Amino acid sequence: MGRLKITNVKAIVTAPAGINLVVVKVETSDPGLYGLGCATFTQRFLTVAEAVDEYMKPFLVGRDPSDIEDIWQTAMVSSYWRNGPVLNNAISGVDMALWDIQGKRAGMPVYQLLGGKCREAAAAYRHANGSTVEELEENVRRYMGEGYRFIRCQLGGYGGDKAVDGKQTKNPPPGAYYDPAVYARDVVDMFDYLRDKLGFEPELLHDVHERVPPILAVRMAKELEPHRLFFLEDPLAPEDVRWLETIRRQCSTPIAIGELFNNPHEWTMPMVHGHLDFIRVHISQIGGITPAKKLAALGETFAVRTAWHGPGDVSPVGHAANVHLDLACPNFGVQEWCGLDERLQEVFPGCPTVDNGYVYVSDAPGLGIDVDEQKAAQYPAENVLPRWTMTRTPDGSSVRP
Ligand code: MG
């Protein structure tokens, strides 16, 4: 047998749980040896799939799949312009698949290739929501009953659900409306209630989803300080990270940020200056395991812990990649976890599993997860424009979601 070569690269698009997912399959000259990676940019899944099939495939066929670093470096500059979410996701699909192949060839799970386990499993946090504080408390207690010790608390979803009735213009354009000032007050009241009822034992988190002006984010972080959050997530949009320093100088509320980051320029200086506590990037959004392990190592140097983005628009392959990194990185913080329903488990055999609030991955070689392409085809993706990103304040102004 000659040198191992990449023979095919293809995107698999599927929506088993109603969320469009993109997974990349990299096949090799060794029959039966292939790898899988997550390339899910759910709002633009067709564009990523096209980038994989039309650009990544011709770029990669014939190359040695063990040259992971060189393939990542050359893929990142092959289009000259770089660091956008579409191409980063396409590269991530390939990159994770190459780590999967490397693990299968070595007979080792990916976490061993990354240096071995620092912990047996990854502590996870769930999302509790409620339209009232009482309903939210009930949902928090349900997760606590299942063994989770970290719980994200939202009242009425991102930005709250306070009616904007009476505050709108005559003919308001369609959109997801909320009132930032009401939301900011409600969050503080919500944690007053929750800490009163639950005490300080559960680790509570909150996601601002960059929905307030920076000066309001500063006030929120200060007012939430007595509630001792595990972290306050995305209080600022990526464009406003210079305000992190202002938050830092005024309170000790731990800050998590980075879900929307694409580019090392976005995280390097905030880390160096000690302006954040948790880095929250979406691994496929920055280009896969190869850049994520370097980002984690940078975080280790500057006392920043990892909290990789893990919502429903990460494929189970991407969740597995998150957890392999969680196990191998000494500065792991917490893993966002949304639960994987039966349809996802049916399409992706070998999904990560949960026990007592911890997420475990398979010890099988590689990422330990597979895809049943026939079953995946039974859940076709649907190209529907997202509505929740059309965020507006009461006067109809478009704001960052
Ligand atoms: Mg978030």
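Residues numbered from 1 in each chain as written. Predicted model: local features only at pLDDT ≥ 70, side-chain atom pairs only at ≥ 80, totals over all residues. Heavy atoms only, no water.

### Some thoughts on the overall build of the chain
Across its full length, the chain holds 14 helices and 15 strands. Going through the 401 residues of the chain one by one, you find that 55% of them count as buried. (Helix = DSSP H or I, 4+ residues; strand = E, 2+ residues; numbered from the N terminus. Buried < 20%, exposed > 50% of the residue type's maximum accessible area, 1.4 Å probe, protein only.)

### Brief notes about the environment of Thr-268
In this structure, Thr-268 sits in helix H9 (residues 264-272). For the pair Thr-268 and Leu-295, spaced 27 residues apart in sequence, the C-alpha separation works out to 8.7 Å.

### What about the coordination of the magnesium ion?
The coordination sphere of the magnesium ion contains the protein donors Asp-207 (OD), Glu-233 (OE) and Glu-259 (OE), at a distance range of 2.0 to 2.3 Å. Counting gaps between the donor residues of the magnesium ion yields the pattern D-x25-E-x25-E. Of this pair, Glu-233 sits in strand E8 (residues 231-233) while Glu-259 sits in the loop between strand E9 (255-257) and H9, placing them 26 residues apart in sequence. Taken as a pair, Glu-233 and Glu-259 share a single burial class, namely buried. (Donors = N, O, S within 2.8 Å, 3.2 Å for Na, K, Ca; no water.)

### Regarding the sheet that holds strand E2 (residues 21-28)
As summarised here, the arrangement of the 3 strands in space is E1-E2-E3, forming an open sheet in which the pairing is antiparallel. Of all strands in the sheet, those bounded by a partner on one side alone are strand E1 (6-14) and strand E3 (34-38). Sheet twist, expressed as the average angle between the axes of neighbouring strands with direction ignored, equals 20°. As defined by bridge partners, E1 adjoins E2 across 8 bridges and the pair is classed as antiparallel. Bridged to Val-9 within E2 is Val-26. Together, E1, E2 and E3 form the strand contacts of helix H3 (residues 85-106), whose direction differs from that of E3 by roughly 140°. (Pairing = 2+ DSSP bridges. Axes fitted to C-alpha atoms, helices over the stretch in contact; angles between N-to-C directions. Contact = heavy atoms within 4.5 Å.)

### So, the layout of surface pockets
Reported here for the largest pocket is a volume of approximately 1200 Å³. What lines the largest pocket is a set of 46 residues, and nearest its centre among them are Thr-42, Gln-43, Asp-313, Trp-388 and Thr-389. Secondary-structure elements contributing two or more residues to the lining of the largest pocket are H3 and strand E4 (122-130). Per-class residue counts for the lining of the largest pocket are 18 nonpolar, 15 polar and 13 charged. Here the second largest pocket is characterised by a volume of approximately 200 Å³. Elements that contribute at least two residues to the lining of the second largest pocket include exactly helix H2 (68-78), H9 and helix H11 (289-301). The greatest single-element share of the lining of the second largest pocket, amounting to 4 residues, is contributed by H11. (1 Å grid on protein atoms, 1.4 Å probe; cavity = no way out; pocket = protein on both sides within 12 Å on 5 of 7 lines; lining within 4 Å. Points joined across faces, edges and corners; volume = space filled by probe spheres on them. Nonpolar A, V, L, I, M, F, W, Y, C, P; charged D, E, K, R; others polar.)

### Some thoughts on the packing of aromatic side chains
Any aromatic ring pair is given by two values, namely how distant the centres are and how the planes are angled relative to each other. In the structure shown here, the tally under the stated rule is 7 aromatic pairs. Here Tyr-125 and Phe-231 contribute two aromatic rings whose centre-to-centre distance is 5.9 Å and whose plane-to-plane angle is 85°, an arrangement assigned as edge-to-face. Separated by 106 residues along the polypeptide, Tyr-125 in strand E4 and Phe-231 in strand E8 bring together distant segments of the chain. Looking at Tyr-125, the relative accessible area reads 0%, which means it is buried. Accessibility expressed as a relative area gives 0% for Phe-231, which makes it buried. Look at Phe-230 and Phe-278: their rings are 5.0 Å apart centre to centre, the planes differ by 45°, and that puts the pair in the tilted class. Of this pair, Phe-230 sits in the loop between helix H7 (214-223) and E8 while Phe-278 sits in strand E10 (residues 278-279), and the two are 48 residues apart along the sequence. Pair check on accessibility: Phe-230 and Phe-278 agree, each one buried. When the ring centre of Tyr-34 is taken as reference, the NZ or CZ atom of Lys-25 above it lies at 4.2 Å. Here the guanidinium or amino end of Arg-142 rests over the ring plane of Tyr-143, the centre of that ring lying 4.8 Å away. (Phe/Tyr/Trp six-rings, centres within 6.5 Å; stacked < 30°, edge-to-face > 60°. Lys NZ or Arg CZ within 6 Å of the ring centre and 35° of its normal.)

### Focus on H2
Think of an α-helix as turning once every 3.6 residues; residues three or four places apart then point the same way. Along H2, the residues that are buried comprise Ile-68, Ile-71, Trp-72, Ala-75 and Met-76. The arc that holds every buried residue of H2, seen down its axis, measures 125°, which confines them to one face. Against E1, helix H1 (45-60), H3, helix H10 (283-286) and H11 lie the buried residues of H2. At the C-terminal side of H2, Tyr-80 shows a positive phi close to 65°. (Arc of directions from axis to C-beta.)

### Focus on the side chain of Ser-284
Summarising the element assignment, Ser-284 is placed in helix H10. Residue classification places Ser-284 among the buried positions, given a relative accessible area of 2%. Not counting the four nearest positions on each side in its chain, Ser-284 is found in contact with Cys-38, Thr-40, Asn-88, Asn-89, Ser-92 and Met-96.

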